[in-house]
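A closer look at the structure
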Amino acid sequence: MVPWLLVAALLSRSGQSLSSLVESRIEKFPISGEINRRVEDATAVMQALWDAYEPGSISANQVDGISVEYADWRFNLRASNTEPVIRLNVEARGDRDLLNQKTDELLNQIGGSSA
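Heads up: these notes are all about the structure in this document. Keep in mind the model is a prediction, meaning the values are calculated, not measured.

Per the secondary structure count, the protein chain includes 4 helices and 6 strands. Helices and strands in the protein chain line up, N terminus first, as α-α-β-α-β-β-β-β-α-β. Overall, the C-alpha framework of the protein chain stretches about 50 × 30 × 25 Å when taken along its three principal axes. Taking all 115 residues of the protein chain together, the buried fraction comes to 29%. Contacts spanning at least 24 positions in sequence make up 51% of the contacts within the protein chain whose residues lie at least 6 apart. For the protein chain, the accessible area works out to roughly 7,400 Å², and carbon and sulfur atoms hold 52% of it.

Strands pair in a sheet through their backbones, by hydrogen bonds, and they do so in one of two ways: parallel or antiparallel. The strand order E2-E3-E4-E5-E1-E6 describes an open sheet built from 6 strands, whose pairing is antiparallel. Across the chains shown, the open sheet's two edge strands, defined by having one partner strand only, are strand E2 (59–61) and strand E6 (113–114). By the bridge criterion, 4 bridges tie strand E1 (residues 35–38) to strand E5 (residues 85–92) in an arrangement that is antiparallel. In the sheet register, Ile35 faces E5, and the bridge partner there is Leu88.

Definitions and cut-offs
Residues numbered from 1 in each chain as written. Predicted model: local features only at pLDDT ≥ 70, side-chain atom pairs only at ≥ 80, totals over all residues. Heavy atoms only, no water. Helix = DSSP H or I, 4+ residues; strand = E, 2+ residues; numbered from the N terminus. Buried < 20%, exposed > 50% of the residue type's maximum accessible area, 1.4 Å probe, protein only. Contact = heavy atoms within 4.5 Å. Areas by Shrake-Rupley, 256 points an atom, 1.4 Å probe, with all protein chains shown as cover. Pairing = 2+ DSSP bridges.

Here it is in structure tokens:
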């Protein structure tokens, strides 16, 4: 209940609609959404991306797949437990072009086919 009260207070103070507030957040932090790719060897793909991206990152972990963060973008890649699919999520800070560039870059390295 408390989160909804906070949202109601924000809407009241800002005078904006909920959809416009959500749109402004999406502009500030664009996301790729979850992209599923069917691959032959998810473990090998994830290890290759870890080896390529972890060294230059400001933060990286392997808690839920691999999560790697840079100053202006980050991504998470995890394997499905039930099918030969990996799931990619990419986020950027206010730069849709960077988001698109990094998403394409990662998808090219992942290979595979759309799932």
